[in-house]
Amino acid sequence: MGDTDRYLIGDAAEELRQLGSESAAVVCLDDAWARPKRGDAFGVEYPTHGFEETAEILSACREVLKPGGWLIADADDWLLPKLLDYLTENWGNAAETYQNGYRKVGGVTLTSSSGEPDRSTPGMYGSTGGYPVVFAHKGETDRRWSESARQIARRPQDRYGWGSVKPVAPYEAWIESITDLDERVVVPCAGTAPAAIAAERLGREWVAIDCEPEAREAYRRRRENELGSDEQSTLGSVTA
Ligand SMILES: C[S@@+](CC[C@H](N)C(=O)[O-])C[C@H]1O[C@@H](n2cnc3c(N)ncnc32)[C@H](O)[C@@H]1O
C-alpha cells in the first residue's frame, strides 16, 4: 500500500465508519475543534467545526477501536473540559470504575531548539508552552503501559505550510507502548500526520484521514523531511 492509499481524503466521521469496526488498536485524534475566534487566527487556516461534529468523530473513533484500544486525543484549554465531559459520559470514567473510558490527562511540553521551555505561544495571559493530551480506552483494557503520559518535545521547526503542527516523538513513545507490531493506528484530522509518521517509523500499519487534499501534500513534505532523520527529540535527547 502506498502512502496515498493510506492517507484518505474525506470527512473523518464518514471515513472512520468505512474503515470497519474494531480495526484499530489506537486512534490519535488532533481534532479541528473551533474555540471562539479560532478560525483564521493563530495560524489556523484549515476548516474547523463545533463540538457537535467533534462528538460525531469521537463516536466513530470508538467504533473503529478494538475492545481495550486507546484513544489519544490532543486538546487545548478550550477543548479539554468539553472532551472530558463527553468521554466520561459516553465512554465511562476509569477513575470511578477502574475499568473503562477516560483514564488520564497527559500532555506535551514544547521546547525551543535550545531545549528551553517554549514561550512562543501567542497570547497576553501566559504561554501554554505545550498542550494537554487525553487518554481513554474502550471498555476494559489489558494494554498496560509505563511510558510517561507527559512528554517533552522540541517544537517542530517547520510547519510544512500547515497549522497546529505537532511533534512526532510523543506519538512514537505512546504508540510503541500501547500497540503490537501487527496492529493498526488510525489518525483522523491528520494534517501533517505526525502520528502516522510515528507509526511508520515503528513499523505499524496506519491510516490517516483529512478533509483537505493540501493536508496530504503537507504530510508528504513532512514525511520526506522527517522519516529517517532525528529532528524530533524526546526528553533524553533534549536534555542531553
Ligand atoms: C488540528 S489540525 C491537525 C494538525 C496535525 N496534528 C499536525 O501536526 O499537522 C486538524 C486537521 O483536521 C482537518 N479537518 C477539519 N475538519 C475535518 C473533518 N470533518 N474531517 C477530516 N478532517 C478534518 C483539518 O483540515 C486539519 O488538517
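Residues numbered from 1 in each chain as written. Predicted model: local features only at pLDDT ≥ 70, side-chain atom pairs only at ≥ 80, totals over all residues. Heavy atoms only, no water.

## Remarks on the packing of aromatic side chains
Taken as a whole, this structure holds 8 aromatic pairs when the rule is applied. With a centroid separation of 5.5 Å and 85° between ring planes, the pair formed by W70 and W145 is classed as edge-to-face. Remark: W145 occurs in the loop between β5 (130–137) and β6 (150–154) and W70 occurs in strand β3 (residues 65–74); sequence separation between them is 75 residues. Comparing W70 with W145 shows no difference in burial state: the two are buried. Three or more aromatic residues joined by ring pairs make a cluster, and in this case those are W70, F135, W145, Y171 and W174. (Phe/Tyr/Trp six-rings, centres within 6.5 Å; stacked < 30°, edge-to-face > 60°. Helix = DSSP H or I, 4+ residues; strand = E, 2+ residues; numbered from the N terminus. Buried < 20%, exposed > 50% of the residue type's maximum accessible area, 1.4 Å probe, protein only.)

## A few points about the packing of helix α3 (residues 51–64) against helix α4 (residues 79–90)
Close contact between α3 and α4 brings their axes to 11 Å; oriented N to C, the two are set at 45°. Viewed along their axes, α3 and α4 adopt a mutual orientation that is oblique. The two elements α3 and α4 cross, and the hand of that crossing is right-handed. Every residue of α4 that contacts α3 at F51, A55, L58, S59 and R62 is listed here: L79, K82, L83, Y86 and N90. Considered class by class, the residues forming the contact of α3 with α4 number 6 nonpolar, 2 polar and 2 charged. (Axes fitted to C-alpha atoms, helices over the stretch in contact; angles between N-to-C directions. Parallel < 35°, antiparallel > 145°, perpendicular 65-115°, else oblique. Left-handed = near helix turned anticlockwise from the far one by under 90°. Contact = heavy atoms within 4.5 Å. Nonpolar A, V, L, I, M, F, W, Y, C, P; charged D, E, K, R; others polar.)

## Describing the site of the ligand
Not every one of the 24 residues close to the ligand is listed here, only the nearest: D30, W162, K166, T192 and D210. Against a free-state accessible area of 610 Å², the protein chains account for coverage of 98% of the ligand. Tallied by class, residues from the shell around the ligand come to 10 nonpolar, 6 polar and 8 charged. (Near = heavy atom within 4 Å. Areas by Shrake-Rupley, 256 points an atom, 1.4 Å probe, with all protein chains shown as cover.)

## Things to note about the confidence of the model for the protein chain
Per-residue pLDDT for the protein chain has a mean of 89; in total, 88% of the residues score no lower than 70. Segment residues 230–240: pLDDT under 50, and 22 contacts once partners within four positions in sequence are set aside and those in other chains are kept. (pLDDT = per-residue confidence, 0-100.)

## Comments concerning the pattern of salt bridges
In this structure the tally under the stated criterion is 11 salt bridges. For the salt bridge of D30 with K166, the shortest nitrogen-to-oxygen distance reads 3.0 Å. You can see D30 sitting in the loop between β2 (24–29) and α3 and its partner K166 sitting in the loop between β6 and α6 (169–178), a full 136 residues away along the chain. For K166, a relative accessible area of 12% puts it in the buried group. Put simply, E217 and R220 hold a salt bridge, and the shortest N to O gap is 3.0 Å. Taken together, the residues span about one helical turn, with E217 and R220 both in helix α8 (residues 213–226) at a distance of 3 residues. Judged by relative accessible area, which is 27%, R220 ranks as partly exposed. Linked through salt bridges whose partners overlap, the residues forming this network are D30, D74 and K166. (Salt bridge = Lys/Arg side-chain N within 4 Å of Asp/Glu carboxyl O.)

## Some remarks on helix α7 (residues 194–201)
Counted residue by residue, α7 has 6 buried out of 8 residues, so it is predominantly covered. Taken as a whole, α7 has its buried residues at P194, A195, A196, I197, A198 and A199. Next to the buried residues of α7 lie β2, α6, β7 (184–187), β8 (205–210) and α8. G203 occupies a position one or two residues after α7 and carries a positive phi of about 80°.

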